[in-house]
Amino acid sequence: MEKKNFIKQNKPLVIFVSVFVSLVLAFTLILGTVTVVKNINAAVSYEGLTMNREEASFFVSYYKYRYMSMLSQSGVEDVRDTPYFWSLTDEQSGKTYGQLLSENTELYLRQVLAANYLYDNYSDLDKNSSKKINSAVDDILTYKAEGSKTLFNEMTQMYGFDFSSFKSAVKLLYKAETVKNIIFGIDGVNMPNYSDYCLEYLETYSHVQLFFIRTETEFVVDVDGNRVKDEDGQDKLRPLTDEEKAERNEIIGTINSLIDGFHNDSDLEITVESYLSYQNKYDDGDVTFHNTGYYFSKNSAYTLEFSGMFPEVVESALSMQIGDFSYVDTSIGVCYIYKYEVVNGDYTLTMLSDMFEDFYRDGSTYIFETFLNELVGDVVFKEKYNEIDIIKLPYNSNFLPRFE
């Protein structure tokens, strides 16, 4: 009796709760149905993110255009979107260009979904981003298909997608292309906030001590030991005498023997202490970096510039193991190299700013690629993806959005 009275007295509340629960159940049912349908239609999937066959076809045809361009730029001749070309064998890999296209396309699709996963974990699409996506879609529709979805569908049928799948693919593309900046900022401006990632990237550098012994010429110095400049502001040089050459060749022979002894486990071998002693006594190079050393990276503009003068030095420095010594002949004499551990935070030093001018930008790319590599292996390709014939599907260079 009390229960009936409670329901009667609170009838509006009971009705509201019933309606609310019904709406929640209905919404949950709809979401579940949508998810089931997406999974059924998926060609590629990862952690709830999917591409249907049409969306995947957009990315396959787009990547095919990119890949053909990369082949041409790498020196491959007569790149053509024909079965004959794709059957040709790449001498370096021993695989056909078609096999390479298939493998690289699959990797690209993995990266797109992994990048979207990162985007969704770091950010949501705001109004500005949605506006850019919609604008990119509208521009293609307007300028490529006269604003007609029917004409658009007729024109893109050969590529395996229609306007509806194009719109959703463009959203995936936008997220994939902008997520790195979302996380690390443009040109890695936010990288200083990630000290652990900065150290991780710094550890890809070769940190080396260098010293040069010139064998043909020597710098002209004044009474205070400062180098004398010529009228063009360049350091003046003078030829070494025969006696000076002989003396330097003897020193070079001694140091070379000690480094050879280090590699051969000889009783007479170079040590860090003896290396630094020789450096302080005989270095004809720039003594400015005796305290900090040099940092080289294959991605660094400074390294590229240094390599233009001394390619042998950079090549050796990049290939050495930490704790190793080496010597190389250069255009001015012999260079001695010692590779050692990086020093955390050196990328912030003003005196090394030239060496690290592009550190944050390149570091953000390196770390982002590390993120992707940890995820791409779990992307799943389903049966519907196999329905796409990568060789027969033409490359798409016409329906490519630009995000302003």
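The structure we're discussing is the one just above.
Cut-off values and rules
Residues numbered from 1 in each chain as written. Predicted model: local features only at pLDDT ≥ 70, side-chain atom pairs only at ≥ 80, totals over all residues. Heavy atoms only, no water. Phe/Tyr/Trp six-rings, centres within 6.5 Å; stacked < 30°, edge-to-face > 60°. Lys NZ or Arg CZ within 6 Å of the ring centre and 35° of its normal. Pairing = 2+ DSSP bridges. Helix = DSSP H or I, 4+ residues; strand = E, 2+ residues; numbered from the N terminus. Contact = heavy atoms within 4.5 Å. Axes fitted to C-alpha atoms, helices over the stretch in contact; angles between N-to-C directions. Expected span 1.5 Å × (residues − 1). Bend = angle between axes of the 7 residues up to and from the residue. Polar contact = N/O pair within 3.5 Å; in protein donor to acceptor, adjacent residues only side chain to side chain. Buried < 20%, exposed > 50% of the residue type's maximum accessible area, 1.4 Å probe, protein only.

Asker: Would you mind showing me how to read the packing of aromatic side chains here?
Answerer: In the structure shown here, the tally under the stated rule is 53 aromatic pairs. With a centroid separation of 5.5 Å and an interplanar angle of 0 degrees, the aromatic rings of Tyr338 and Tyr340 are classed as stacked. An aromatic cluster is defined as three or more aromatic residues linked by ring pairs; in this entry it consists of Phe58, Phe59, Tyr62, Tyr63, Tyr67, Tyr108, Phe152, Tyr159, Phe161, Phe163, Phe166 and Phe399. Of note, Arg214 hangs over the ring of Phe219, and the distance from its end group to the ring centre comes to 4.7 Å. Taking the ring centre of Phe219 as reference, the NZ or CZ of Arg227 above it sits at 3.7 Å.

Asker: Explain the sheet that holds strand β1 (residues 42-46) to me, please; I cannot follow it from the model alone.
Answerer: Spatially, the three strands line up as an open sheet ordered β2-β1-β9, and their pairing is antiparallel. A strand with exactly one partner marks an edge of an open sheet, and here the two such strands are β2 (49-52) and β9 (380-381). Judged from the four bridges that link them, β1 and β2 form a sheet pairing that is antiparallel. Bridged to Tyr46 within β2 is Leu49. Those strands touched by helix α3 (residues 53-73) are β1 and β2, and its axis lies near 80 degrees from that of β2.

Asker: Help me out: how do you make sense of helix α8 (residues 163-184) in this one?
Answerer: Because an α-helix completes one turn every 3.6 residues, residues spaced three or four positions apart along the sequence face the same direction. For α8, spanning 22 residues, the distance from its first C-alpha to its last is 33 Å, which sits close to the expected 32 Å at 1.5 Å a residue. At Thr178, α8 shows its maximal kink, close to 45 degrees. Capping the start of α8, Asp162 holds a side-chain oxygen 3.3 Å from the backbone nitrogen of Ser164, two or three residues further along. Of the residues flanking the end of α8, it is Gly185, one or two places downstream, whose phi is positive at about 80 degrees.

Asker: Quick question: what am I supposed to make of the sheet that holds strand β3 (residues 206-214) here?
Answerer: As a general point, the strands of a sheet are linked pairwise by backbone hydrogen bonds and lie either parallel or antiparallel. Taking strand neighbours across the sheet as the criterion, the four strands line up as β6-β3-β8-β7 in an open arrangement whose pairing is antiparallel. Of all strands in the sheet, those with a lone pairing partner are β6 (294-296) and β7 (325-329), marking the two edges. Each neighbouring strand pair of the sheet contributes to a mean axis angle of 35 degrees, computed without reference to strand direction. The pairing of β3 with strand β8 (residues 333-340) spans eight bridges and is classified as antiparallel. Bridging across to β8, Leu210 finds its partner in Ile337. The strands touched by helix α12 (residues 301-309) are β3 and β6; relative to β6, the strand with the most contacts, the crossing angle is about 100 degrees. Across the sheet, helix α13 (residues 311-319) touches β3, β6, β7 and β8, and the angle it forms with β8 is around 20 degrees.

Asker: Looking at this structure, I do not really get the pairing of β1. What am I missing?
Answerer: Each regular strand carries side chains that alternate between the two faces of the sheet. β1 sits mainly inside the fold: five of its five residues count as buried. The turn joining β1 and β2, which pair antiparallel and follow one another in sequence, is formed by two residues; a positive phi near 50 degrees is taken by Glu47. Looking at chain direction, β1 and β9 are connected through two bridges and run antiparallel. Considered in β9, the bridge of Val44 is made with Phe381.

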